[in-house]
Amino acid sequence: MKGLAAFRLPSFVSLRALALLSVALNLFLGAMLIASRHPPGPPPYRPMPDRFVERIAPDLSDGDAARLRAAFEPQRARFAALSEEYRVAGQAVRALLESAPFDPQALRAAAETARAKRRLISELTEETVFATLPELSQAGRVRLIGSGRGF
């Protein structure tokens, strides 16, 4: 007991401050434990044109961003159809990976089909952007290409 009695806190640290620090540390560790047991869910699904346009729009002026959004709006149904085809092709690849008698040739063919669907989505995106470029301001065209967020 003699050693514990000799222990003295520095004058600038009080027992109240240590108790408050202990409570804060316990709350922090409790929050970390809860967060580790309940990871956040995936972000909400947004269709392809929305993801692309909203990633680029902050770099454009309001007028150019509105023109870009307007250009993609008529393509929404086509993007939805291509996205669904791409999703189905991806499921076919997963099914072949999980199949008991593994068939590498069928897997290659299914992967190529999925890549082709993805290329169609990319080509439609590019064509829509190229068709919109003449409507954008010069600064908007430069920002679109120079944003580093493009296609």
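Quick look at the structure, then.

Cut-off values and rules
Residues numbered from 1 in each chain as written. Predicted model: local features only at pLDDT ≥ 70, side-chain atom pairs only at ≥ 80, totals over all residues. Heavy atoms only, no water. Patch = residues over 30% accessible without salt bridge, like charges linked within 9 Å, V, L, I, M, F, W, Y side chains within 5 Å. Areas by Shrake-Rupley, 256 points an atom, 1.4 Å probe, with all protein chains shown as cover. Salt bridge = Lys/Arg side-chain N within 4 Å of Asp/Glu carboxyl O. Helix = DSSP H or I, 4+ residues; strand = E, 2+ residues; numbered from the N terminus. Buried < 20%, exposed > 50% of the residue type's maximum accessible area, 1.4 Å probe, protein only. Axes fitted to C-alpha atoms, helices over the stretch in contact; angles between N-to-C directions. Parallel < 35°, antiparallel > 145°, perpendicular 65-115°, else oblique. Contact = heavy atoms within 4.5 Å. Nonpolar A, V, L, I, M, F, W, Y, C, P; charged D, E, K, R; others polar. Phe/Tyr/Trp six-rings, centres within 6.5 Å; stacked < 30°, edge-to-face > 60°. Left-handed = near helix turned anticlockwise from the far one by under 90°.

### Looking at a nonpolar patch on the surface
Line of reasoning, step 1. A grouping of L25, F28, L29 and M32 is seen on the molecular surface, where their side chains present a nonpolar patch of about 410 Å² in accessible area.
Line of reasoning, step 2. Relative to the helices and strands, F28 is located in helix 2 (residues 15–37).
Line of reasoning, step 3. Look at F28 and you get partly exposed, because its relative accessible area is 48%.

### A look at the packing of helix 3 (residues 48–56) against helix 5 (residues 76–98)
Line of reasoning, step 1. Their axes nearest at 8 Å, the elements helix 3 and helix 5 cross at an angle of 115 degrees. It follows from the interaxial angle that helix 3 and helix 5 lie roughly perpendicular. Contacts between helix 3 and helix 5 pair M48, P49 and D50 from the former with R76, F79 and S83 from the latter.
Line of reasoning, step 2. Tallied by class, the residues present in the contact of helix 3 with helix 5 amount to 3 nonpolar, 1 polar and 2 charged.

### Here's the deal with the packing of aromatic side chains
Aromatic rings in a pair are described by how distant their centres are and how their planes are angled relative to each other.
Line of reasoning, step 1. One pass over the structure, following the stated rule, counts 2 aromatic pairs.
Line of reasoning, step 2. Measuring from ring centre to ring centre gives 5.5 Å for F52 and F72, while their planes differ by 50 degrees; the resulting arrangement is tilted. Taken as a pair, F52 in helix 3 and F72 in helix 4 (residues 62–72) lie far apart in primary sequence, 20 residues in all. The exposure classification of F52 matches that of F72, with both residues buried.
Line of reasoning, step 3. Here the aromatic cluster, defined as three or more aromatic residues joined through ring pairs, consists of F52, F72 and F79.

### Quick word on the packing of helix 5 against helix 6 (residues 104–132)
Line of reasoning, step 1. Two elements in contact, helix 5 and helix 6, have axes whose closest approach is 9 Å; the angle formed by their N-to-C orientations is 160 degrees. Put simply, helix 5 runs roughly antiparallel to helix 6. Crossing angle aside, the handedness with which helix 5 passes helix 6 is left-handed. Listed contacts from helix 6 to R78, F79, L82, S83, E85, Y86, A89, G90, V93, L96 and L97 of helix 5 are A106, L107, A110, A111, T113, A114, K117, R118, L120, I121, L124 and T125.

### Points about the pattern of salt bridges
Line of reasoning, step 1. One pass over the structure, following the stated rule, counts 8 salt bridges.
Line of reasoning, step 2. Across the salt bridge formed by R76 and E73, the nearest N and O atoms sit 3.1 Å from each other.
Line of reasoning, step 3. Its relative accessible area of 28% is what places R76 among the partly exposed residues.
Line of reasoning, step 4. Classification of E73 by relative accessible area gives partly exposed; the value is 43%.
Line of reasoning, step 5. Here R115 and E112 are joined by a salt bridge, their closest N and O atoms 2.8 Å apart. Highlighted residues: R115 and E112, both in helix 6, separated by 3 residues, approximately one helical turn.
Line of reasoning, step 6. A relative accessible area of 45% means that R115 is categorised as partly exposed.
Line of reasoning, step 7. Residue E112 is classed as partly exposed on the basis of its relative accessible area of 34%.
Line of reasoning, step 8. Through salt bridges with shared partners, one network takes in D50, E73 and R76.

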